[in-house]
Amino acid sequence: MKRIVALAEYCLGCGLCAVYCSALHTAPDLDLVRAFRQPKRLAAGITVEKNLEFAVARSCRHCENPYCVESCITGAMVKDPLTGEVWCDVERCVACWTCVAACPYGMVTISQGPHDQHPHAQKCDLCRNLSEVPVCVLKCPNEALVLVEEEGVA
Amino acid sequence: MALNLIRPQFIVERDRERCIDCRVCENQCANGVHRWDQTRREMTLDTSQCVNCHRCVVMCPTEALTVVATPHRFRDNANWTDKAIYEIYHQAATGQVLLTSMGNDRAHHIYWDHLLLNACQVTNPPIDPLREPMELKTFVGAKPDRLLNQRGEIEDDLPPQVELEIPVMFSAMSLGSISLNVHKALARAAQELGICYNTGEGGLHKDLRQYGKNTIVQVASGRFGVDIDYLRAGSAIEIKIGQGAKPGIGGHLPGSKVSSQISETRMIPRGTDAISPAPHHDIYSIEDLKQLVYSLKEAVRYQKPVGVKIAAVHNVAAIASGVARAGADFIAIDGYRGGTGAAPLRTRDNVGIPIEFALAAVDNRLREEGIRHRLSIIAAGSIRNSADVIKAIALGADAVYIGTAALLAVGCHMCQKCYTGKCNWGIATQDPWLTKRVNPDVASRRLINLLRAWEHEIKEMLGGMGINSLDSLRSNRLMLRGINLSDKEREILGVLAAGE
Amino acid sequence: MLREGEVRIPAGCAIAAVIDRSKTRFSCQKIVDALALMRERSNGLGGGIAAYGIYPQYADCYALHIFYDDNLCRQRVENDYLSRFEIALAEEIKTRKTRQVNRSPLIWRYFIKPRLCEYDDPEQDMMVTFIMEINSQNLGAYVFSSGKNMGAFKGVGFPEDIAEFFCLEDYQGYLWTGHGRFPTNTPGWWGGAHPFCLLDWSVVHNGELSSYGTNRAYLEMFGYKCSLQTDTEVIAYAFDLMVRRHGLPLEYAVQAACPPFWKQIDADQDQNRQQLARTIRMVYSSLLLNGPFSIVLATGRGMMGLNDRIKLRPMSVATQGELMAIASEEVAVLAMCPQPDNIWQPEGGVPALGLLKGESSLWH
């Protein structure tokens, strides 16, 4: 399955990965100006940790046995049996915050986009249905985010 | 506190329609120009710190930023220009020597652009590089007078050579003036391309020893990092007598750029200024140089070429002749446009001569004396593109060095502030927050792309001249014609006028 | 208008050569017929023929053929230069007036021997220096042939007309080379025609050297004065340097002038051959002859035909009994060997050697 690997050695701490993630999920044509002017904008699925010269981007690990999926009360959080990707079915999500608490990495938040009826769980979905290659990997200015293909389903 | 007379040189314009307050400009500017104002909830800036490096402009995801030269000017004065006035203000404020970086930026003639190339028509068919072999292989090193000795046999010990797949190498840029990541990129690219990069006077980092076959190690006046392992690590040794940007003075690395990594590699204390002496204090004359050349040859058991790098100065032809007779296997001549990490402004802008003339003069003189084959000539000092490479070879060079062009490929924006150690592109700095900005994978790829592109262009131009081997372009002045040159300039360059 | 030597004139043209390997002498008819057949390749502005074995009675003298602008020039050269030698015979070369060839300079021939014990350098080096000294100063004189028991006959005109002008039917030789020129300028100067001769070397050349500037710059370091500014001159000097002065075997010199491509050398499994090829290319890189050419290089021992390494000019070779003929066109070769045992087009960079029986190389 595909995974995003972050290389701390080359991370600039610029935060562009988060900018593009949020923008793409808010405006699929990647018009950043329009996306950022929306009254409601989806939170990014990737965040940058910084301390002095150290920086690295964190995103959902698409775990083998995801706590978020296990704890989801409506079955909105699912792990795709073929690709291994963990994603949230927005229709079913009731924003109960269980997955947010359950995730040991803190990679889930509750957010609402311009076309959403209600807030819902939001996290990295490997840009499912939005981009062939995750946009953070594409746009990282220093190639510090790498998409790796791993053997078998997670 | 007295008045600060220095006004900001640049204005950063922010298009508020496009700015999305992502704060990337803020976290990327090492000079602290951009700032998020919490109370007004918008981006604000201190333009006085801007050095026009374009980092924020390039990184801004919505292209909301532009940097322009300030329209704030003094009254028009062709003698006391804005630049001349500000230089006085700086010195009055600090009492210091004005420093600068990169190469001479004055508006003198660029003589490469006054030379035109030939192409074959009718009497001689041009050669198609896509269909016919086109050979760019070059050997740097001394060549023997003849193939066979008196007994009719080939000599066993031919002088050692450095074999290059293309006649372009990366110029000496010390570890210290630039970061280890850039050195890694240069080393990897040199290996991939089958050429060499030069360590410069900062020593050879242990992580780079594996690229020894593609490394020229430099022995400069400060002798930083020079020990027996260092000498044996590379494929050639270069004694640095001078460099084009600052003939007559030594290297200068401000203490702020001497990190622990630099300290270890150069074998000097952390935080101390690394100022190389002007001369090598054991080379005060040509006979002293000969001694050093041979000591180095002994140290590597005559297995590697030992050459000398000099700046292009007034009597460069005579100096080159002396260098050849001192046993050097190659001579690198650095013209006045050569780049540097740090140099006094006055020296950079006023000392030295153009490489085009120096190269032609040296080639002529060595041929007149019948000793041109005793060493290879490497030309440097602003080789900007593949046409400059071709012209340099036609004027007599065996190969060229590129320094500035390589850094531009890696991302440099020529702001000329390398000496501050705050290179926003992560190139001319040791600050770990900044050096990350050069990913050696990305940078080496860009360097390889640059030289592969030049390689193709060179082959196209060669084929156009009806030549299929670079051997037949060396010193072939008849392939050049001069345009907008005085008679004297043409005479020195040894080229006819266009139309002749 | 600039004279030849002050301006570069590229050569389009016709070349031909024929040898009797048993050293039996024959008339000029073969070479003249061959060149006449290739008339279309020339434009009448230069032609010439070199012949070996034509002066058996003066075989140990250098036979100098010299053009003079006028008698004043001749006297000056005879007094100041030729007086250094023992002169066995000095005479004007016999010519006949023809409609096609006129306005010739004075053409004289001298059989000379250097006086013994007067020079330190090897005799041949001394002769080369002497000839270049005369030719590089504006004395109104030009030494255009300087070998032993051989001579060149050339001028402004079609080669067959030049042959008529020089009464070549009177001569018998065992090796003839010839050339018809198509210069893209109007030189009007007799010295510019081919063959180019230096000592026993003669070169006829069809082509243009793109590497001329490089070759010349290298040769000038060794004392050669390229006063004619022709490619042919540089070819002759290159072989003179490599074969005569540096003592290279002819195959090595050919490999320096037409080396195999690096791709081929790098892939060579034979270590010794690979090392030799690399070394030759490294040492003599400035003598690589780049650009299209077909040449015939000849000495008293035989001749060699050679094409550039990507074969951009035509050349055919044929053998018939003791005869071997080389020419730019097959029809010309057939004119010289009408019933050939073998006829072929050599590959680029591969020499076609026609040596006298008992000789193993062109020079030594």
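Since we're looking at a predicted model, the values are computed, not measured.

Student: Go over the overall build of chain B, please, and point to the residues and values.
Tutor: When its secondary structure is counted, chain B shows 15 helices and 21 strands. Against the globule reference of 23 Å for 500 residues, chain B gives a C-alpha radius of gyration of 24 Å, in line with a compact fold. Seen along its three principal axes, the alpha-carbon backbone of chain B occupies a region of about 90 × 55 × 45 Å. Within chain B, the fraction of its 500 residues that count as buried is 59%. Considering only intrachain contacts with a sequence separation of at least 6, the fraction spanning at least 24 residues in chain B is 69%. Only carbon and sulfur atoms are counted for the fraction: they give 50% of the accessible area of chain B, which is about 20600 Å². The averaged location of the 55 negative side-chain charges in chain B is 4 Å from the averaged location of its 58 positive side-chain charges.

Student: Could you give me a rundown of the interface of chain C and chain B, with the residues and numbers involved?
Tutor: The interface of chain C with chain B comprises 41 residues on the first partner and 38 residues on the second. Of the charged contacts, one joins Arg 281 of chain C and Asp 471 of chain B as a salt bridge, the two residues approaching to 3.3 Å between their closest N and O atoms. Broken down by secondary-structure element, the contributors of at least two residues to the side of chain C that touches chain B are helix H5 (212–220), helix H8 (262–267) and helix H9 (271–283) of chain C. For the side of chain C that touches chain B, the element with the highest residue contribution is H9 of chain C, accounting for seven residues. Each residue belonging to the side of chain C that touches chain B can be placed in one class, and the counts come to 21 nonpolar, 12 polar and eight charged.

Student: Go over the interface of chain A and chain B with me, naming the residues and quoting the values.
Tutor: With 22 residues of chain A at the contact, the number on the chain B side is 22 residues. In total, about 1800 Å² of surface goes out of reach between chain A and chain B, with carbon and sulfur atoms giving 56% of it. Of all residues in chain A, Tyr 10, Leu 12 and Glu 53 of chain A bury the most surface against chain B, accounting for 29% of the area lost on that side. Our count for the contact surface shared by chain A and chain B stands at one salt bridge. When the shortest N-O distance is used, the salt bridge between Arg 445 of chain B and Glu 143 of chain A registers 2.5 Å. Linking chain A to chain B there are 12 residue pairs in polar contact (both at pLDDT 80 or more). Those elements that provide at least two residues to the side of chain A that touches chain B are helix H1 (16–26), helix H2 (32–37) and strand S3 (54–59) of chain A. Counting residues per element, the side of chain A that touches chain B draws most heavily on H2 of chain A, which supplies four residues. Within the side of chain A that touches chain B, the residues separate by chemical class into 15 nonpolar, two polar and five charged.

About the thresholds
- Residues numbered from 1 in each chain as written.
- Chains lettered and ligands numbered in written order.
- Predicted model: local features only at pLDDT ≥ 70, side-chain atom pairs only at ≥ 80, totals over all residues.
- Heavy atoms only, no water.
- Helix = DSSP H or I, 4+ residues; strand = E, 2+ residues; numbered from the N terminus.
- Rg over C-alpha atoms; globule rule 2.2 N^0.38 Å.
- Buried < 20%, exposed > 50% of the residue type's maximum accessible area, 1.4 Å probe, protein only.
- Contact = heavy atoms within 4.5 Å.
- Areas by Shrake-Rupley, 256 points an atom, 1.4 Å probe, with all protein chains shown as cover.
- Lys, Arg positive; Asp, Glu negative; His and termini not counted.
- Charge placed at Lys NZ, Arg CZ, Asp CG, Glu CD.
- Salt bridge = Lys/Arg side-chain N within 4 Å of Asp/Glu carboxyl O.
- Nonpolar A, V, L, I, M, F, W, Y, C, P; charged D, E, K, R; others polar.
- Buried area = accessible area lost by both parts, 1.4 Å probe.
- Polar contact = N/O pair within 3.5 Å; in protein donor to acceptor, adjacent residues only side chain to side chain.

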